[in-house]
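Structural overview for review
So you can see what is in the structure, the chains are spelled out below.
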Amino acid sequence: MKKFLSIILSICMIIIMLSGCGKNSKAEDEQTNPKEKKVQLNVTVKQHPLVKDFNTNKFTLWLEKQLNVDLNVTPVQNSSWNDKIGIMMSTGDYPEIIIGREFPNVILYGMQENLLLPLNDLIDEHAANIKKADKEIPGLINSMKQADGNIYSINGVQENFHATYPKKMWYYAPFLEKIGVEPPATIEEFYDVLRRIKKEDPNENNESDEIPLMCYEEDDGLAYICNSFLYTQLSPIEGVSYYLENDKIETPVNKAQMREAISFVSKLYKEGLLYSNSFNQKRQQAKALTESSEEPIVGFVPALFSGEFTTIGEEKYRDFKPLPPVKGANGVQYSNTVKIVSMQDCFVITDRLPEEKREHAIKLADIFFTHEATLRSKWGRLGTDWEWAKDGEVGIDGNKAVFKSHTGWNPKLFGNENVSWINFHLYYEPARLRLTLASDPDVDIYSAKGLEKYLYQTTKNMYEKYGAAEKFLPPLKLTADEADEEAQYTTDLDKFVSESVVKFITGETDINNDNDWQKYIDGIDRLKLEKLLKINQAAYDRIYK
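Anyway, here's the lowdown on the structure attached to this text. (Residues numbered from 1 in each chain as written. Predicted model: local features only at pLDDT ≥ 70, side-chain atom pairs only at ≥ 80, totals over all residues. Heavy atoms only, no water.)

**Focus: the packing of aromatic side chains**
Inclusion rule: Two rings from Phe, Tyr or Trp (for Trp, the six-membered ring) form a pair when their centres sit within 6.5 Å of each other. Planes less than 30 degrees apart are called stacked, planes more than 60 degrees apart edge-to-face, and all others tilted. Only protein chains enter the accessibility calculation, which uses a 1.4 Å probe; a residue is then buried when its area is under 20% of its type maximum, exposed when over 50%, and partly exposed in between. Numbering of helices and strands runs from the N terminus; a helix is a DSSP stretch of H or I covering at least four residues, while a strand is a stretch of E covering at least two. Any Lys NZ or Arg CZ that is within 6 Å of a ring centre and within 35 degrees of that ring's normal is treated as a charge sitting over the ring.
Per the counting criterion, the structure on display carries 28 aromatic pairs. With a centroid separation of 6.1 Å and 75° between ring planes, the pair formed by F161 and Y165 is classed as edge-to-face. Classification of F161 by relative accessible area gives buried; the value is 11%. Between W170 and Y454, the aromatic rings sit 6.3 Å apart at their centres with planes inclined by 55°, giving tilted as the arrangement. Here the residue W170 occupies a position in strand β5 (residues 169-172), and Y454 occupies one in helix α17 (residues 451-462), the gap between them amounting to 284 residues. Taken individually, W170 and Y454 each receive the classification buried, so the pair is uniform in this respect. We note K267 situated over the ring of Y191; from NZ or CZ to the ring centre the distance is 4.0 Å. The aromatic ring of Y94 is capped on one face by R352, whose charged end is 4.3 Å from the ring centroid.

Here you go:
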């Protein structure tokens with residue numbers, strides 16, 4: 001009997017030991033093979049040239065850990081993005097998820113061919129951060145909807161406060177001091193100061209070499225000047241722009257006030273106050289002209305910021321000061337305004353993604369709308385490249401700081417370290433986040449380190465008060481037929497307006513001649529401006545009214 005009990009106990013011990021070995025083996029498998037439980041997502045991304053390897057990138061690894069997914073990433077070079085994505089979609093050889101700004105032809109692959117999944121329900125059920133962003137920036141989700149009401153692509157946000165009012169003017173302060181005038185406050189004073197710079201030799205070299213006003217292709221200055229006559233979103237040399245007037249879409253290019261603005265610029269050109277090569281030279285040529293000699297020759301330059309045509313931190317950079325919008329004869333004084341800077345069509349999910357993976361995919365998009373993901377994706381590693389701000393630290397805007405940079409915005413560094421996706425993809429950077437970067441209150445605002453603070457202060461103090469956010473036309477989503485019609489008319493009309501305005505300014509045609517102006521208006525009508533206005537109005541009413 002004792003022998004029998006001994007055998008039974010031995011068998012039980014063996015069973016217990018085997019059972020224990022099984023548990024240990026399983027635990028070890030879970031520890032050494034964590035990816036077995038992860039959901040794999042096949043992703044194609046637009047590649048910044050400095051990102052070395054997306055699959056080993058520190059930000060990619062962070063995403064995987066946060067979401068318990070395995071991202072199998074295939075990069076496509078930015079230069080061939082549209083072509084490669086188009087080939088993938090047309091041949092059927094496309095991935096489950098595509099991330100990168102400006103996915104080509106959402107209307108075709110989403111609304112018409114149904115190769116892109118509608119994301120409305122997924123966002124509503126699983127994307128709390130995107131819905132929170134929509135409350136912070138009202139209309140964000142609406143701006144993603146296509147004409148059929150579905151969302152096929154997710155937009156990112158990259159707001160830059162100083163770029164919200166992009167059409168600025170800068171003047172060389174020593175010239176104004178030399179001729180003894182204050183910065184102009186009206187359009188007539190602006191004209192008078194230009195004339196005096198031309199006549200009074202403020203660089204004192206006994207030569208008539210001063211250039212009162214110089215522009216370049218990237219900013220021809222007309223938007224700044226036109227906004228003293230009527231609201232203008234873009235320079236007419238860039239083509240037809242639109243704005244809202246009590247929910248009605250208007251354009252400035254056929255208005256009598258636009259004729260007055262062009263007439264004013266034509267007068268500047270005729271009198272030699274506007275540099276004759278302004279509409280042909282590039283930014284780098286303008287910079288070379290500004291810094292060409294020890295004796296300055298350039299008086300006024302339109303630009304987003306003066307570092308475009310001078311060297312940041314150097315003497316001439318410090319001597320160029322911002323000029324607020326000048327008031328026109330009828331009291332018009334606008335600062336061209338961009339209400340929301342939306343990165344269009346950054347994230348799509350294709351019909352290749354199995355249903356059981358779709359929640360994981362939308363959560364991948366959703367995490368990009370958190371502060372930490374944005375900062376990691378752009379600025380690099382938490383604790384190495386940046387950190388959360390401490391109590392008492394102040395942001396660029398003077399409010400409590402949220403984060404502090406150790407490296408500054410340095411894509412080359414991040415590329416060398418392979419730690420971020422830099423800036424060719426989806427992320428959520430509203431102006432309020434960017435302005436919470438900790439800033440030394442004693443920083444030299446004219447230095448590279450103080451640039452962001454300088455641009456914030458300039459924009460806040462001199463341009464914001466003249467803004468016209470109510471006139472900004474938000475992104476429109478067209479039907480396939482509307483998009484075809486718009487493409488058919490827009491190219492020719494933009495070209496006609498641009499070429500006509502340059503001819504008026506240079507005197508090839510006479511802006512003050514009623515017959516020449518009527519020919520211009522007739523040309524606009526012939527090229528279907530009214531049809532374009534109706535197409536855009538229908539799209540606006542469908543989404544925003």
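**Section: the side chain of N160**
Heads up, the rule is: Identification of polar contacts relies on pairs of N or O atoms within 3.5 Å, with a donor-acceptor requirement for protein atoms, meaning one able to donate a hydrogen and the other able to accept it, and with residues adjacent in sequence counted only if both atoms are side-chain atoms. Any two residues whose heavy atoms approach within 4.5 Å are treated as being in contact.
Its place among the elements puts N160 in the loop between β4 (154-158) and β5. On the accessibility criterion, N160 (14% relative accessible area) is buried. At a separation of 2.7 Å, a polar atom in the side chain of N160 contacts the side chain of H162. Non-local contacts of N160, meaning those with residues more than four positions away in its chain, are made with R434 and E452.

**Quick word on the sheet that holds strand β6 (residues 211-213)**
Stated formally: Being paired, for any two strands, means DSSP has found at least two bridges between them. Axis definition: a line fitted to C-alpha atoms, limited for helices to the stretch in contact. Angles are taken between N-to-C directions and run from 0 to 180 degrees.
One open sheet holds the 4 strands; their spatial order is β6-β9-β5-β10, and the pairing between them is mixed. Edge positions in the sheet fall to β6 and β10 (320-323), since each has one partner strand and no second. Along the sheet, successive strands turn relative to each other by an average axial angle of 25°, direction set aside.

**Section: the pairing of β5**
Neither face of β5 is exposed, since M169 and Y171 on one face and W170 and Y172 on the opposite face are all buried. Where β5 lies against strand β9 (residues 298-302), 3 bridges are found, and the strand directions are antiparallel. Each residue of the ladder has a partner; that of Y171, found in β9, is F300. The pairing of β5 with β10 spans 4 bridges and is antiparallel. Bridge pairing in β10 places M169 opposite L323.

**A few points about unusual backbone geometry**
Of note, D345 is a non-glycine position whose phi angle comes to about 55°, a positive value. When you line up the elements, D345 lands in strand β11 (residues 342-349). The buried category is assigned to D345, whose relative accessible area is 11%. Phi at I422 is positive, roughly 60°, even though this residue is not glycine. The topology assignment puts I422 in the loop between α15 (411-417) and β14 (428-429). A residue is classified by how much of its surface remains accessible, and I422, at 0% relative accessible area, is buried.

**Regarding helix α11 (residues 283-290)**
Inclusion rule: Note that the arc is defined by the directions from the helix axis to the C-beta atoms.
Taken together, the buried positions of α11 are A286, L289 and T290. What you see down the axis of α11 is that its buried residues fit within an arc of 100°, all on one side. Buried residues belonging to α11 abut β6, β9, α12 (315-319) and β10.

**What to know about the nonpolar core**
Condition: In these notes, a set of buried Ala, Val, Leu, Ile, Met, Phe, Trp, Tyr and Cys residues joined through side-chain atoms within 4.5 Å is what counts as a nonpolar core.
The biggest cluster of nonpolar side chains holds 73 residues, and the ones touching the most others in it are F190, L213, I225, L268, F300 and I505. Residue contacts for I225: discarding those within four places in its chain leaves I187, F190, L213, F264, V265 and L268. In this structure, V51, V73, L119 and F369 belong to the second largest nonpolar core, which totals 47 residues.

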